[in-house]
Amino acid sequence: AQSVTQLDSHVSVSEGTPVLLRCNYSSSYSPSLFWYVQHPNKGLQLLLKYTSAATLVKGINGFEAEFKKSETSFHLTKPSAHMSDAAEYFCVHTSGGYQKVTFGTGTKLQVIP
Amino acid sequence: DTGVSQDPRHKITKRGQNVTFRCDPISEHNRLYWYRQTLGQGPEFLTYFQNEAQLEKSRLLSDRFSAERPKGSFSTLEIQRTEQGDSAMYLCASSLGGQAGGAFFGQGTRLTVV
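Cut-off values and rules
Along each chain, residue indices are assigned from 1 in the same order as the chain's sequence is written. Each chain takes a letter, starting from A, and each ligand takes a number, starting from 1, following the order in which they are written. In keeping with the model being predicted, local features are shown solely for residues with a pLDDT of at least 70 and side-chain atom pairs are shown and tallied solely at 80 or more, while totals for entire chains, interfaces and linings include all residues. In computing side-chain properties, one takes all heavy atoms of the structure into account and sets aside hydrogens as well as water. Numbering goes from the N terminus for both helices and strands, where a helix is a DSSP run of H or I of at least four residues and a strand is a run of E of at least two. Here, residues are in contact when the closest pair of their heavy atoms is within 4.5 Å. Planes of paired rings set the category: under 30 degrees apart is stacked, over 60 is edge-to-face and the rest tilted, where pairs are Phe, Tyr or Trp rings (Trp by its six-membered ring) whose centres lie within 6.5 Å. Burial classification: accessible surface area is computed with a 1.4 Å probe over protein chains only, and a residue below 20% of its type maximum counts as buried, one above 50% as exposed, and the rest as partly exposed. Definition used: whenever NZ (Lys) or CZ (Arg) falls within 6 Å of the ring centre and also within 35 degrees of the ring normal, the charge is taken to sit over that ring. Note on pairing: two strands pair once DSSP finds at least 2 bridges between them.

A. Region of the structure containing the side chain of His-29 of chain B. Position of His-29 of chain B among the secondary structure elements: in the loop between β3 (19-24) and β4 (31-37). Beyond its immediate chain neighbours, meaning those up to four positions away, His-29 of chain B contacts Arg-69, Ser-94, Ser-95, Leu-96 and Phe-104 of chain B.

Here it is as structure tokens:
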């Protein structure tokens, strides 16, 4: 069975401070992991993906995530939050060649001016 | 716009009516996915097509739901005898081979059943 857990439903940071959005996965197979962002009234946009290459993955808009097998984690980080980062973020998991994906329940990021 | 497009963006219907949604994927993408997203939840997989073949269906897809992709291009999702519990955002995504997790999403159709 595969699942993904986003540990925080809401995260609030001040503009210019670091962002950390947490994601843990469970899977019997080698996982592929993704982060998506969803702005209000906009479609889901792929931020970055891990597919068993480098464990530190860089994405768009300054975001990156590190795959840690020992901790079964794939946390999303950004050194300095921008107001435009305020959105909902989803951690996504697939396993092997399986075409079904499992979305986390999402983390809403609030950026305070 | 060459992304995934969905129509309509919003639909309000009375309980018991049938509704149909359309998804136009990115033109060269052979894989197409339907998801449902309810308030406060992440999207849940409904079904998946490779070209015109429907290869996977979730248990969430009851007998009242049917999806087609007749020519391997656009797809339709029909819900018959709608129920209030069907109220949700219905998302379509497409990809060219590769992992389903890296698909491109449309903006969704928000269905409200009253």
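B. Up close: the packing of aromatic side chains. Applying the stated criterion across every chain, the model contains 15 aromatic pairs over all chains. Between Phe-63 of chain A and Tyr-89 of chain A the ring centres are 5.5 Å apart and the planes differ by 45°, which places this aromatic pair in the tilted class. Taken together, the positions of Phe-63 of chain A in the loop between β7 (56-58) and β8 (64-68) and Tyr-89 of chain A in strand β10 (residues 87-95) put the pair 26 residues apart, joining distant regions of the chain. Each member of the pair, Phe-63 of chain A as well as Tyr-89 of chain A, is classed as buried. A network of ring pairs unites the aromatic residues Tyr-36, Phe-90 and Phe-103 of chain A together with Tyr-33, Tyr-35, Phe-45, Tyr-48 and Phe-105 of chain B as a single cluster. Taking NZ or CZ as reference, Arg-22 of chain B lies 3.9 Å from the ring centre of Phe-74 of chain B, over its face.

C. Highlighting the pairing of strand β6 (residues 44-50) of chain A. Residues and elements named next belong to chain A. The pairing of strand β5 (residues 31-38) with β6 spans 6 bridges and is antiparallel. Looking at β6, one finds that Trp-35 is bridged to Leu-48. Where β5 folds back onto β6 in an antiparallel hairpin, the turn is made up of 5 residues, including Asn-41, whose phi is positive at roughly 60°.

By themselves, these observations are geometric and do not establish any function.
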